[in-house]
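Below, each chain spelled out in residue letters.
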Amino acid sequence: MTGAQSGLHTAKHASHALFSLILLPQEYIGEDSNRMSLAYFSLGILSLSGALSEPSPSARLPERRRTEYLAWIYAQQSSSGGFRGAPGSDESHLAMTYTALLSLAMLGDTSLSHVDRVGAVAFVKACQGRDGSFAPFPRSNERDVRFSYCACAIATLLDDWSCIDRDSLVHYLLRCRGFDGAFGQVPGAESQGGTTYCCLASLAMADSLHKIDDPASLIRWSVSRQVEPDEEQREALAERGQTDRMAGFEGRPGKPPDACYSFWQTASLQILGEDVGDVRADTAWLLACQDERRGGIARSPGDYSGERGTALCAQGVTREARQISTIRISAWQRLPCTE
């Protein structure tokens, strides 16, 4: 992927991600325990930009750094199985285990050579509840389909589904579907774009996508989430001299467009085998959310551009650019992503 082909400021985004791997921005001070997931998003940006595999004039990860990051990730592996988010964290976490495995693969350890597979499988198994849902770690009362998604991704990456009661998982996920056809965080919760993606991707990995009744209602819901910028966003765009027609995606009805949802919503449609929506308008929206000075892509024009949003938005731009002009899609982009 190159900036000239897609309109992305690729070199700036890569430089921003590389700096964040070395020193977390001030905005992330409160997320020290989530360093594993933050590193994952930064590495994802570098992978999309080619800085992990191709010569890059402005941002390339040195081999010494690659070795150090691999060692740091493995140092977070728990003796009881799974990975924690940072040194000092008490126990393993499903989301951190998921992002650790993908980070290892992006850094070149695609065989996951030093992963305690037996321990990781046991850890995932201990996180599943009797109703089929997943907690972030054993004995936690928190339930969220994002953890179900992480569990399915871990099972897929390790090629071992013995850690998941697939039938109860699928039953639970289908209970999270709302009257509008989309999916919520837990049964009975409001439908959202991110949770819909997590449920669809989980069902797809569990070979159970065919169990969704009336997929047309879900497709209609997702397509209907593409909306034009609200008044405040239009003012921010006008101040920057951006007047092109654009329309991004909202996470749920009645909300302004949020650049991250260009990934969540269109990826859901892609899982369902659909490729609909105004691609050019969404691409224009995503490119308008770039921070042209320091790099990164924000949720909305003029907002702070973090690694999570940049990784998700860059995937959205790249996917859509492929429809407009054929460009390369990195291997990392075909791996699942989490919020």
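Residues numbered from 1 in each chain as written. Predicted model: local features only at pLDDT ≥ 70, side-chain atom pairs only at ≥ 80, totals over all residues. Heavy atoms only, no water.

As recorded in an unreviewed UniProt entry, the chain goes by the name Prenyltransferase alpha-alpha toroid domain-containing protein, listed as coming from Mixia osmundae. Taken verbatim from the UniProt record of the chain, the Sequence similarities (unreviewed entry) comment is "Belongs to the protein prenyltransferase subunit beta family." Check the Cofactor (unreviewed entry) section of the UniProt entry for the chain; it says "Zn(2+)". (UniProt positions renumbered as here; feature names shortened; annotations may be inferred.)

Draft legend 1. Structural view of the overall build of the chain. Scanning the chain from N- to C-terminus turns up 14 helices and 2 strands. Each of the 339 residues in the chain was classed as buried or not, and the buried ones make up 56%. Sequence-distant contacts in the chain: of pairs separated by 6 or more residues, those separated by 24 or more amount to 67%. (Helix = DSSP H or I, 4+ residues; strand = E, 2+ residues; numbered from the N terminus. Buried < 20%, exposed > 50% of the residue type's maximum accessible area, 1.4 Å probe, protein only. Contact = heavy atoms within 4.5 Å.)

Draft legend 2. Main features of the packing of aromatic side chains. A full pass over the atoms with the stated rule returns 7 aromatic pairs. Members of the aromatic cluster, joined through ring pairs, are Tyr40, Phe41, Tyr98, Tyr149, Tyr197, Phe263 and Trp264. Seen from the ring of Trp161, Arg166 lies directly overhead, with NZ or CZ sitting 4.4 Å from the centre. (Phe/Tyr/Trp six-rings, centres within 6.5 Å; stacked < 30°, edge-to-face > 60°. Lys NZ or Arg CZ within 6 Å of the ring centre and 35° of its normal.)

Draft legend 3. A look at the environment of Lys255. Secondary-structure assignment places Lys255 in the loop between strand 2 (248–249) and helix 12 (261–271). Judged by relative accessible area, which is 39%, Lys255 ranks as partly exposed. On a C-alpha basis, the gap between Lys255 and Pro229 in space is 9.8 Å, while along the polypeptide they are 26 residues apart. Excluding residues that lie within four positions of it along the chain, Lys255 makes contacts with Val227 and Glu250.

Draft legend 4. Representation of helix 9 (residues 193–205) within the structure. Here helix 9 contains 13 residues, and its C-alpha end-to-end distance of 18 Å stays within 8% of the 18 Å for a straight helix at 1.5 Å per residue. Extensive coverage of helix 9 is indicated by the burial of 12 of its 13 residues. For helix 9, the complete set of buried residues consists of Gly193, Gly194, Thr195, Thr196, Tyr197, Cys198, Cys199, Leu200, Ala201, Ser202, Leu203 and Met205. Against the buried residues of helix 9 lie helix 7 (145–158), helix 8 (166–175), helix 10 (215–223) and helix 12. (Expected span 1.5 Å × (residues − 1).)

Draft legend 5. Focus on unusual backbone geometry. For Arg139, which is not glycine, the phi dihedral falls at a positive 75 degrees. Note on placement: Arg139 falls in the loop between helix 6 (117–127) and helix 7. Backbone geometry at Asp214 places phi at a positive 50 degrees, although glycine is not the residue there. Looking at the secondary structure, you find Asp214 in the loop between helix 9 and helix 10. Judged by its relative accessible area of 45%, Asp214 is partly exposed.

Draft legend 6. Structural detail: the packing of helix 3 (residues 35–49) against helix 5 (residues 94–106). For the pair helix 3 and helix 5, the least separation of the axes is 9 Å and the interaxial angle reads 30 degrees. Relative to helix 5, the crossing made by helix 3 is left-handed. Facing Met36, Ser37, Tyr40, Leu43, Gly44 and Ser47 of helix 3, the residues of helix 5 in contact are Met96, Tyr98, Thr99, Ala100, Leu102, Ser103 and Met106. Across the contact of helix 3 with helix 5, the residue classes tally to 8 nonpolar, 5 polar and no charged. (Axes fitted to C-alpha atoms, helices over the stretch in contact; angles between N-to-C directions. Left-handed = near helix turned anticlockwise from the far one by under 90°. Nonpolar A, V, L, I, M, F, W, Y, C, P; charged D, E, K, R; others polar.)

Draft legend 7. Layout of helix 13 (residues 279–288). Extensive coverage of helix 13 is indicated by the burial of 7 of its 10 residues. Within the sequence span of helix 13, burial applies to Val279, Ala281, Asp282, Thr283, Trp285, Leu286 and Ala288. Among the residues of helix 13, the N-terminal cap falls to Asp278, whose side-chain oxygen and the backbone nitrogen of Arg280 are separated by 3.4 Å. (Polar contact = N/O pair within 3.5 Å; in protein donor to acceptor, adjacent residues only side chain to side chain.)

Draft legend 8. Local environment of a nonpolar patch on the surface. There is a patch of nonpolar side chains on the surface, built from Phe19, Ile22 and Leu23 and spanning about 310 Å² of accessible area. Here Ile22 is to be found in helix 2 (residues 10–22). (Patch = residues over 30% accessible without salt bridge, like charges linked within 9 Å, V, L, I, M, F, W, Y side chains within 5 Å. Areas by Shrake-Rupley, 256 points an atom, 1.4 Å probe, with all protein chains shown as cover. Salt bridge = Lys/Arg side-chain N within 4 Å of Asp/Glu carboxyl O.)

Draft legend 9. Looking closely at the nonpolar core. Counting 77 residues, the largest nonpolar core has Phe83, Leu94, Val124, Phe134 and Ile164 as the members making the most contacts within it. In terms of residue count, helix 7 provides more of this core than any other element does, 10 residues in total. Apart from residues no more than four positions distant in its own chain, Leu94 is found in contact with Phe123, Val124, Cys127, Phe134, Ala135, Pro136, Phe147, Cys150, Ala151 and Ile154. Listed in part, the 9 residues of the second largest apolar core include Leu8, Leu237, Met246 and Leu286. (Core = buried A, V, L, I, M, F, W, Y, C linked by side-chain atoms within 4.5 Å.)

Draft legend 10. Structural context of the side chain of Arg177. By secondary structure assignment, the location of Arg177 is in the loop between helix 8 and helix 9. We note that Arg177 is buried and unpaired, the nearest opposite charge coming from Asp214 at a distance of 5.3 Å. Here the side chain of Arg177 touches Gly181 through a polar contact of 2.7 Å, landing on its backbone oxygen. Reaching out from Arg177, the side chain makes a polar contact with the backbone oxygen of Asp213 at a distance of 2.3 Å. With sequence-adjacent residues up to four places away left out, Arg177 is seen in contact with Ala182, Phe183, Ile212, Asp213, Asp214, Pro215, Ser217 and Leu218. (Lys, Arg positive; Asp, Glu negative; His and termini not counted.)

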